[in-house]
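# Per-entry structural report
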Amino acid sequence: MIKVEHLVKTYGSVKAVDDISFEVNEGENMILLGTSGCGKTTTLKMLNRLIEPDSGNIAIDGKNISEQPPELLRRGIGYVLQNNGLFPHYTVGENIAVLPNLLKWDKAKTQKRVDELIEKLHLTKEYLNAYPSELSGGQQQRIGLARALVTDPPVLLMDEPFGALDNVTRSSIHREFKALDELKRKTIIMVTHDVQEAFELADRIALMDKGKIVQIDAPADLLFNPVNEFVRGFLLEQRLQLELKSIKLTDLWTHLTDTGKKINPSMLSSDIGIWEALENFKFYPRETINIINQHTKEVKSITFDQLMSAFSKHKNLQPHE
Amino acid sequence: MNEQQQTLLQFMSQQADKLGVQTMQHIGLTFISLFIAVLIGLPLGIYITRKKNISGLVLGIAGILQTIPSIALLGFMIPLLGIGAKPAIVALLLYALLPIIRNTYTGITGVDATVKEAAVAMGMSKWQVLFKVELPLAMPVILAGIRTATVINVGVATLASYIAAGGLGEFIFGGISLNNTNMILAGAIPAALLAIIFDFLLSLVQKLNVKKIKGVVKIAPVLLIILSCLYFIPSAYGGKLTAGFTPEFMGRQDGNLGLISKYGLKIHTIVISDAVMYKAAQEKELDVISGYSTDGRLKAYNLLVLDDDKKIFPPYYAAPIVREDALRKFPELEKTLNLLAGTITDSIMTELNYKTDYLHQSPERVAKDFLVSKKLWRAEKNGKEGVVRIGSKIFGEQYILASMYSMLIKGHTNYDVSTKSGLGGTKIVFDAMTNDQIDFYPEYTGTGLLAILQAPAKTVNELQTSKDSTYNYVQREFSKRYQIKWLKPIGFNNAYALMMREKQAKDLNIKTISNLKRYLESK
């Protein structure tokens, strides 16, 4: 879907982006992760020509983007900014409708699409006539997302979209983000410096440093098969939490013993991570939770201790670094 | 002149016509220049946000223009654009430019970079970003600049009357020269009100939200054009000839008021400062001007004095006036001063003034040349029998006369001389005399009558008929009140006069003010 080849961008003597190549598959959620100054945002902005590269090629859907007029290219790519970039002089409704108006959609079509998005993003229509400054940060960010999605572009670029939000708002938006069907079929490239966020949302992560991609892999591979010390060091501080998040119950299935007593009627899928399973414990003595294996339809009822010991066994089987 | 007792309101209602015309001209001038300033400043301000490297230069030049004193700027305009509305508008426009350019620049560069990036990233073209995002968001700041420019323009437009562009300055500066407080206020109060009102209205616009500003911005050009047109309403009626009178002349009984009441002269009149009036007449921008009959510029610009056949201009015959105790102290003095009596006619005085004012000869040289030609000049005797103190007012003619008297005294008597020239206006030199600081100076009968004695209007009317009656009256009164003696008149009459270009006057066969009136009324 997106193919980046030998991309270079220099500012003065500093190589902001230094010979980067990668591919993003259709429907994939690729996250560019790194500390500030690693070149991730510069890379992102070259994808819709907000920044022109010094050399290298970018093709979207097989078409070289440098051969398209930048305005037309950008109209086909959704863009979400860290500080939402909503127009303060437009109402929420007008903000969402900016692109449809540029594309001269008829009014009814625009209105229908705006209403649809508002509903999907759990906002009420009362907000349509409000100005962005009257909204909370989380709401503003949703409007920013709605504005990027309004024409249903196949590609979405997101520049630290949740960076300005507080932790509580961010995790609730993460949940919505993962649940939003509009996003599931999109090719997304997102920039973040937040490791947790990257692990939570990415299909693949490109970890960047000093203008280069150090490793590009699925989150778990980054964690368990780091290519070098930099990658290991980058994830070290939050390693335990990341492991708990990236190891799924399915991975532990063989190590889990069924207690057999299904007191609790609720059922969790084995596709969730250990972290999420832990979140379901209320922590009273001899508490169990029920898990169903999506493939075999086998159900196990486990205690907290059993979950922890399974995690430990799984870890011991991993290749020692 | 003795009618200061009327109230401001009486004055304003009496002059309502003029006040209306001036106010319209004032608003017109303000907004024509503002309109053009916006047309230039706004695009320029936008342009320098795109070319940051020249922004410093452009803002610097606009800033320098702003620091030029207004009068000087108007002065610079005259050689380039003549007099009237054109130079005034250009000058006002230059003042209005800085706030407009600067605020446009600040407003646009101040737009949140994220918002601009969002606009670009959504696929807006450069122009769409400018018109849909940058300008609307910068509009409050831009409007603040236009508001500042408007207030500046209302203020500076008062000076436009100096170069015959009209406006409320006509009353203000006329009032200042005539020492007429009502007239000053009749101009100053409306000018201040205009500034306050426009400032207030624009502050309302500024506070509107972006949606409503859009509407206002759309009707603003129409409004500006309508306000600008106000300037042209008063000047829509013209005449065959155009007169330019000083603000002082406009308000004097022995000036325009007399022309209207005694001659019934109706002429398209603009108000202009003395400094540019003669030149404007020479350059055919004006046909009739008010001036002084012995001014050197008469000769320099080939102007002809129209005969005042109904005697509305009181005679201003020059004569030395001397303290009576000084005459006793210096017995030779009266005889010596009278050597000059009757020797200098109007045309001779004009010639002498021309030499100092235009040929830039020193007053001493002009005085000596004249005395030599009249065989009155003698070498100095270096006398030791006391010092005679001579005073003079602060203009060329008085310097020449003071020099002549000084040379006569030194050459013909055994007295020495000390000269205190440049004693400001009539009040200063006359006070110096009554306080025994000087012994004598050249004075004019009209000034003695009107400014010093402040004779009642009735007396003035009676005396205006002949030069002798005025002279006799001031001689009698000065002696009685101040113990000061008027010696024999020098000969010339430096009175107010109407003048025209010599050639035009000849072509139209106009010699007197009555001729002028007849010509204006003929079809």
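Since the structure is predicted, the reported quantities are computational estimates derived from the model, not experimental observations.

### Quick word on the pattern of salt bridges
When the charged atoms of two side chains with opposite charge come close together, those side chains can pair. Per the counting criterion, the structure on display carries 41 salt bridges over all chains. The shortest N-O distance in the salt bridge between A:Asp194 and A:Arg170 comes to 3.9 Å. Linking A:Asp194 in the loop between β8 (187-192) and α9 (195-201) with A:Arg170 in helix α7 (residues 167-179), this pair joins segments that are 24 residues apart in sequence. Assessed through its relative accessible area of 17%, A:Asp194 is described here as buried. Put simply, B:Glu477 and B:Lys480 hold a salt bridge, and the shortest N to O gap is 3.4 Å. Pair noted here: B:Glu477 and B:Lys480 are both in helix α23 (residues 467-482), with a separation of three residues, about one helical turn. For B:Glu477, a relative accessible area of 10% puts it in the buried group. Under the relative-accessibility criterion, B:Lys480 is labelled exposed at 56%. Connected via shared salt-bridge partners are B:Arg323, B:Asp325, B:Arg389, B:Asp436 and B:Asp439.

### Some details on the side chain of A:Gln140
Residue and element names in this part refer to chain A. Among the structural elements, Gln 140 can be located in helix α6 (residues 137-149). Accessibility expressed as a relative area gives 18% for Gln 140, which makes it buried. A distance of 3.2 Å separates a polar side-chain atom of Gln 140 from the backbone oxygen of Leu 135.

### So, the sheet that holds strand β12 (residues 289-292) of chain A
Residue and element names in this part refer to chain A. If you trace the three strands from one edge of the open sheet to the other, you get β11-β12-β13, paired in mixed fashion. Looking at which strands have only one partner, the edges of the open sheet turn out to be β11 (268-269) and β13 (299-302). Judged from the two bridges that link them, β11 and β12 form a sheet pairing that is parallel. Looking at the pairing, Leu 268 lines up with Ile 291 of β12.

### So, helix α25 (residues 513-521) of chain B
Within α25(B), the full set of buried residues consists of B:Ile513, B:Ser514, B:Asn515, B:Leu516 and B:Leu520. As for α25(B), its buried residues are in contact with α12 (256-263), β3 (288-292) and β10 (496-501) of chain B.

### Observations regarding α6(A)
All names here are of chain A. The first and last C-alpha atoms of α6 sit 18 Å apart over 13 residues, in line with the 18 Å expected at 1.5 Å per residue. Of all 13 residues in α6, 12 are buried, a share of seventy percent or more. For α6, every residue scored as buried is listed here: Gly 138, Gln 139, Gln 140, Gln 141, Arg 142, Ile 143, Gly 144, Leu 145, Ala 146, Arg 147, Ala 148 and Leu 149.

### Re the UniProt feature "domain: ABC transporter" (unreviewed entry) in chain A
As recorded in UniProt, the sites labelled "domain: ABC transporter" (unreviewed entry) are residues 2-235 of chain A. Helix makes up 38% of residues 2-235 of chain A and strand makes up 26%, while its end C-alpha atoms are separated by 27 Å.

### Some details on the packing of helix α2 (residues 16-50) of chain B against helix α9 (residues 181-207) of chain B
Residue and element names in this part refer to chain B. Between α2 and α9, whose axes approach to 11 Å, the crossing angle comes to 40°. It follows from the interaxial angle that α2 and α9 lie oblique. The way α2 lies across α9 gives a crossing that is right-handed. The residues of α9 that touch α2, namely those facing Leu 19, Thr 23, His 26, Ile 27 and Phe 31, are Ala 186, Pro 190, Leu 194 and Phe 198.

### So, the interface of chain A and chain B
If you look at the interface, chain A gives 23 residues, while chain B gives 18 residues. Contact with chain B buries surface across chain A, with A:Phe87, A:His89 and A:Leu102 losing the most and accounting together for 31% of the total. On the surface where chain A and chain B come into contact, there are one salt bridge. Here A:Lys45 makes a salt bridge to B:Glu117, at a shortest N to O gap of 2.7 Å. At the surface where chain A touches chain B, the tally comes to five residue pairs in polar contact (both at pLDDT 80 or more). Among the secondary structure elements, those contributing two or more residues to the side of chain A that touches chain B are α2 (70-75), β6 (77-80) and α4 (98-102) of chain A. For the side of chain A that touches chain B, the class distribution of residues is 12 nonpolar, five polar and six charged.

### Thoughts on the packing of aromatic side chains
One pass over the full model with this rule turns up 22 aromatic pairs over all chains. Ring centres of A:Phe230 and A:Phe234 lie 5.8 Å apart, and the angle between their planes is 40°; this geometry places the pair in the tilted category. With A:Phe230 and A:Phe234 both in helix α11 (residues 229-236) and four residues apart, the pair spans about one turn of that helix. Look at B:Phe430 and B:Phe478: their rings are 5.7 Å apart centre to centre, the planes differ by 75°, and that puts the pair in the edge-to-face class. Highlighted residues: B:Phe430 in helix α20 (residues 426-434) and B:Phe478 in helix α23, separated in sequence by 48 residues. Three or more aromatic residues joined by ring pairs form one cluster here, namely B:Phe245, B:Phe249, B:Tyr292, B:Phe313 and B:Tyr496. A cation over a ring is seen here: A:Lys245 above A:Trp275, with NZ or CZ 5.4 Å from the ring centre. It is B:Lys299 that lies over the ring of B:Tyr354; its NZ or CZ is 5.2 Å from the centre.

How each quantity is defined
- Residues numbered from 1 in each chain as written.
- Chains lettered and ligands numbered in written order.
- Predicted model: local features only at pLDDT ≥ 70, side-chain atom pairs only at ≥ 80, totals over all residues.
- Heavy atoms only, no water.
- Salt bridge = Lys/Arg side-chain N within 4 Å of Asp/Glu carboxyl O.
- Helix = DSSP H or I, 4+ residues; strand = E, 2+ residues; numbered from the N terminus.
- Buried < 20%, exposed > 50% of the residue type's maximum accessible area, 1.4 Å probe, protein only.
- Polar contact = N/O pair within 3.5 Å; in protein donor to acceptor, adjacent residues only side chain to side chain.
- Pairing = 2+ DSSP bridges.
- Contact = heavy atoms within 4.5 Å.
- Expected span 1.5 Å × (residues − 1).
- UniProt positions renumbered as here; feature names shortened; annotations may be inferred.
- Axes fitted to C-alpha atoms, helices over the stretch in contact; angles between N-to-C directions.
- Parallel < 35°, antiparallel > 145°, perpendicular 65-115°, else oblique.
- Left-handed = near helix turned anticlockwise from the far one by under 90°.
- Buried area = accessible area lost by both parts, 1.4 Å probe.
- Nonpolar A, V, L, I, M, F, W, Y, C, P; charged D, E, K, R; others polar.
- Phe/Tyr/Trp six-rings, centres within 6.5 Å; stacked < 30°, edge-to-face > 60°.
- Lys NZ or Arg CZ within 6 Å of the ring centre and 35° of its normal.

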